Amino acid sequence: MISKRYNIKNWTRQNLREWFKKNEKNHSSLKSFRADQVFNWLYQKRAESFDQMLNIGQGTREMLEDHFYISSLKVADNLKSRDGSIKFRILLDDGNSIESVFLPHKNHNTICVSSQAGCAMGCDFCMTAKMGLIRNLDPSEIINQIFTVVKELPEEKKIRNIVFMGMGEPFHNYNNLMQALEILTDEHGFNYSHRRITVSTSGLLPKIRRFGLEKIKANLAVSLNGVTDEVRTKLMPVNKAYNLEKLIKVCSEFPLESRKRITFEYILIRDLTDSLQDAKSLIRLLHGLKFKINLIPYNSTPGGKYNAPSPEQSRMFQKYLLDHQIIAPLRISKGQDIQGACGQLVVGNIQ
Ligand code: SF4
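Each value, and the rule that gives it
- Residues numbered from 1 in each chain as written.
- Predicted model: local features only at pLDDT ≥ 70, side-chain atom pairs only at ≥ 80, totals over all residues.
- Heavy atoms only, no water.
- Domains from an automatic or database assignment.
- Buried area = accessible area lost by both parts, 1.4 Å probe.
- Salt bridge = Lys/Arg side-chain N within 4 Å of Asp/Glu carboxyl O.
- Polar contact = N/O pair within 3.5 Å; in protein donor to acceptor, adjacent residues only side chain to side chain.
- Helix = DSSP H or I, 4+ residues; strand = E, 2+ residues; numbered from the N terminus.
- Nonpolar A, V, L, I, M, F, W, Y, C, P; charged D, E, K, R; others polar.
- Near = heavy atom within 4 Å.
- Buried < 20%, exposed > 50% of the residue type's maximum accessible area, 1.4 Å probe, protein only.
- Phe/Tyr/Trp six-rings, centres within 6.5 Å; stacked < 30°, edge-to-face > 60°.
- Lys NZ or Arg CZ within 6 Å of the ring centre and 35° of its normal.

Note on interface size: it is often stated as the accessible area lost on association of the parts. For the protein chain, the assigned domains are domain 1 (10-69) and domain 2 (74-338). Surface buried jointly by domain 1 and domain 2 totals about 1200 Å² across both partners, of which 51% is contributed by carbon and sulfur atoms. Looking at the side of domain 1 facing domain 2, the largest losses of area belong to Asn-10, Tyr-43 and Arg-46, adding up to 46% of the total buried there. With its nearest N and O atoms 2.8 Å apart, the salt bridge here joins Asp-186 to Arg-13. Summed over the shared surface of domain 1 and domain 2, the number is seven residue pairs in polar contact (both at pLDDT 80 or more). Sorting the residues of the side of domain 1 that touches domain 2 by element identifies α1 (13-24) and α2 (34-44) as the ones contributing at least two each. Element by element, the count of residues in the side of domain 1 that touches domain 2 is highest for α2, at six residues. Of the residues that constitute the side of domain 1 that touches domain 2, the class distribution is four nonpolar, six polar and four charged.

On to the site of the ligand. In the vicinity of the ligand, the contacting residues are Cys-119, Met-121, Gly-122, Cys-123, Phe-125, Cys-126, Ala-129, Gly-168 and Ser-202. In terms of residue class, the shell around the ligand is built from six nonpolar, three polar and no charged.

Tracing the sequence through the fold places Ser-81 in the loop between β3 (74-80) and β4 (86-91). In the structure, Ser-81 is positioned 179 residues away from Lys-260 in sequence and 32 Å away in space, judged by C-alpha atoms.

So, about the pattern of salt bridges. Two side chains with opposite charge may pair up if their charged atoms get near one another. A full pass over the atoms with the stated rule returns 13 salt bridges. Taking the shortest distance from any N to any O, the salt bridge between Glu-48 and Lys-151 comes out at 3.2 Å. Of this pair, Glu-48 sits in the loop between α2 and α3 (58-67) while Lys-151 is found in helix α4 (residues 139-152), placing the two residues 103 residues apart along the sequence. Assigned by exposure class, Glu-48 and Lys-151 land together as exposed. Salt bridges sharing partners connect three or more residues here, namely Arg-13, Arg-17, Asp-36 and Asp-186.

On to the packing of aromatic side chains. Under the defined criterion, the tally for this structure stands at 16 aromatic pairs. Taking 5.3 Å as the distance between ring centres and 80° as the angle between the ring planes, the aromatic pair formed by Trp-19 and Phe-20 counts as edge-to-face. By relative accessible area, which is 0% here, Phe-20 ends up buried. Here Phe-171 and Phe-211 contribute two aromatic rings whose centre-to-centre distance is 5.1 Å and whose plane-to-plane angle is 55°, an arrangement assigned as tilted. Residue Phe-171 is located in the loop between β9 (161-164) and α5 (174-185), and its partner Phe-211 is located in helix α6 (residues 205-212); the two are separated by 40 residues in the primary sequence. Under the relative-accessibility criterion, Phe-171 is labelled buried at 0%. On the accessibility criterion, Phe-211 (2% relative accessible area) is buried. Through a chain of ring-to-ring contacts, three or more aromatic side chains come together here, namely Tyr-6, Trp-11, Trp-19, Phe-20 and Phe-68. Taking the ring centre of Trp-41 as reference, the NZ or CZ of Lys-45 above it sits at 4.3 Å.

Here's what the structure looks like:
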């Protein structure tokens, strides 16, 4: 009698191969290559039950059924923006919910996924921070977000880029994140290119170092947002533990594949981070690194204490960087009218 069934989407293909191998002695039909087939069914054919896995013998399917279940998530509701972005509120099994945002671009589509319900980092400009940390997402919840969103989209809207910029600090949930990345990039799994996946951190330095040593070379983005320790600490408490000097040092040592750069996200906040003096200091701060800067004009939020920069100031800031040969796209914040833009994801009651 099997007392507990495992959520199979929390298992990497390697985990599953080992399970098949271990059980092979008792059941000759269980061969480790079956793990590849199961993965194929789960992630490429999107099977929702073991019965659908027709090239796997019935005995094996029954064994799988006895030991595992296939999890899925449901959309609680969604909000569509005028610009085509859609914010999905996705219900977790324990009643909590998270948000994922579909972001259409001219030539490709991006999904912004959450790694935690809530967040513990306390960034002062961020609505998610006001929820506090509720809990980490497990690997299946991270990847099921993508399934759930894709299922809701019309056929032609394929996702090209995955960005971990939704709720949570991905590096606070490091092991589950890495397991999800393994499934996402597995050739028998989702088969996404690691080049199309970006993980954004507020600057947890030990984890940035560790991430640089991983075999999955996803892109690294760092939320910078301030050019002095005073301003950055005000906006991001993480700066007290890992100040700018330490952050830049770790970034300068981060191993990058050829033609890759670290993305620094920089929020433009009126009269706090948007002056030309800040632009100048930004160039000085990042000198010597391989980087680009995403400029994100702050989105005013209800009850927020900061103000959006004027469009002219944002453009002047960008021009200053471009004039100094810095790659610095000015992100026109998508989904602003649905609170789906950067720093605006929040679910539940905010105290
Ligand atoms: S900006 Fe990111 S790291 Fe900071 S509180 Fe919000 S979700 Fe957490």
